[in-house]
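Now for the letters of each chain:
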Amino acid sequence: MEDEDLPIDPTTLPIFIKAEEIRDMVQRICDLLPEDNKQLQFLKEELLGHSLTITSKLAGTAGDTLYSIKMEAATFIRRSAHDLVISYHSLKQYGFKEVEYYLTVRELIEEFRLLFIDWVAGFDKWNYIIDRWGLFNPPGVGPFDKDPDDDIPWDGERFEDED
């Protein structure tokens, strides 16, 4: 087996490593949130959820995954990163005294954003099935395009006879 045939370990990817840094920093800041503030405790769960979504979606799309699945995961990742960025305002509004620490999360997300752009650009645009909803097709492929797999002859009876 050649090295290129081995599954990708997502934990070795620079984007995943940066996502882990974000998750770790969010956890550290959440540990500082006062337990007697219900709004901040609710926000804590959201922050932790967003940071976990980023790492889990990255891990789930490592390797030879369909373009549409990777793009869908990228959408969740982008949304979670964006929600983490804007959460600074909620932390401030709900009286988190150490809110300035959260600016570190924003800096990490900016570093992550640059890695994200390269990660998405590296998706295999030829490894796809047509997304009939039209959201996650590679460039040049539309939801009403003819599926090239329809031209492959299929003889289902041939496989039934092998049983």
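Just above, that's the structure.
Residues numbered from 1 in each chain as written. Predicted model: local features only at pLDDT ≥ 70, side-chain atom pairs only at ≥ 80, totals over all residues. Heavy atoms only, no water.

**Focus: the overall build of the protein chain**
Within the protein chain one finds five helices and zero strands. Written out in order from the N terminus, the α and β elements of the protein chain read α-α-α-α-α. Against the 2.2 N^0.38 benchmark of 15 Å for 163 residues, the protein chain shows a C-alpha radius of gyration of 21 Å, more extended than a compact globule. The principal-axis extent of the C-alpha atoms belonging to the protein chain is close to 70 × 40 × 35 Å. Partitioning the intrachain contacts of the protein chain with sequence separation of at least 6 by distance along the chain shows that 64% fall at a separation of at least 24. Accessible surface, the protein chain: about 11000 Å² in total, of which carbon and sulfur atoms supply 54%. Positive and negative side-chain charges of the protein chain, numbering 17 and 35 respectively, have mean locations separated by a distance of 12 Å. (Helix = DSSP H or I, 4+ residues; strand = E, 2+ residues; numbered from the N terminus. Rg over C-alpha atoms; globule rule 2.2 N^0.38 Å. Contact = heavy atoms within 4.5 Å. Areas by Shrake-Rupley, 256 points an atom, 1.4 Å probe, with all protein chains shown as cover. Lys, Arg positive; Asp, Glu negative; His and termini not counted. Charge placed at Lys NZ, Arg CZ, Asp CG, Glu CD.)

**Considerations on the nonpolar core**
Counting residues in each nonpolar core, the largest one holds 32 residues, and the members touching the most others are Leu58, Leu91 and Phe112. Counting only elements with at least two residues in this core, the list comes to α1 (14-30), α2 (38-60), α3 (67-93) and α4 (103-121). Among the elements that make up this core, the one with the highest residue count is α3 (eight residues). For Leu58, the residues in contact, after removing those within four places along its chain, are Pro10, Ile15, Phe16, Ala19, Ile77, Phe112 and Trp119. (Core = buried A, V, L, I, M, F, W, Y, C linked by side-chain atoms within 4.5 Å. Buried < 20%, exposed > 50% of the residue type's maximum accessible area, 1.4 Å probe, protein only.)

**What about α4?**
Over its 19 residues, α4 extends 28 Å from the first C-alpha to the last, a length consistent with the 27 Å expected when each residue adds 1.5 Å. Those residues of α4 that fall on the buried side of the exposure criterion are Val105, Leu108, Ile109, Phe112, Phe116 and Trp119. Turning to α4, the residues buried within the fold contact α1, α2 and α3. (Expected span 1.5 Å × (residues − 1).)

**Considerations on the packing of aromatic side chains**
Per the stated rule, a full pass over the model turns up four aromatic pairs. Taking 6.2 Å as the distance between ring centres and 85 degrees as the angle between the ring planes, the aromatic pair formed by Tyr67 and Phe123 counts as edge-to-face. Taken as a pair, Tyr67 in helix α3 and Phe123 in the loop between α4 and α5 (156-161) lie far apart in primary sequence, 56 residues in all. Its relative accessible area of 4% is what places Phe123 among the buried residues. Judged by centre distance (4.8 Å) and plane angle (85 degrees), the rings of Trp119 and Phe123 are edge-to-face. A relative accessible area of 14% means that Trp119 is categorised as buried. By the ring-pair criterion, three or more aromatic residues cluster together here, those being Tyr67, Phe112, Phe116, Trp119 and Phe123. (Phe/Tyr/Trp six-rings, centres within 6.5 Å; stacked < 30°, edge-to-face > 60°.)

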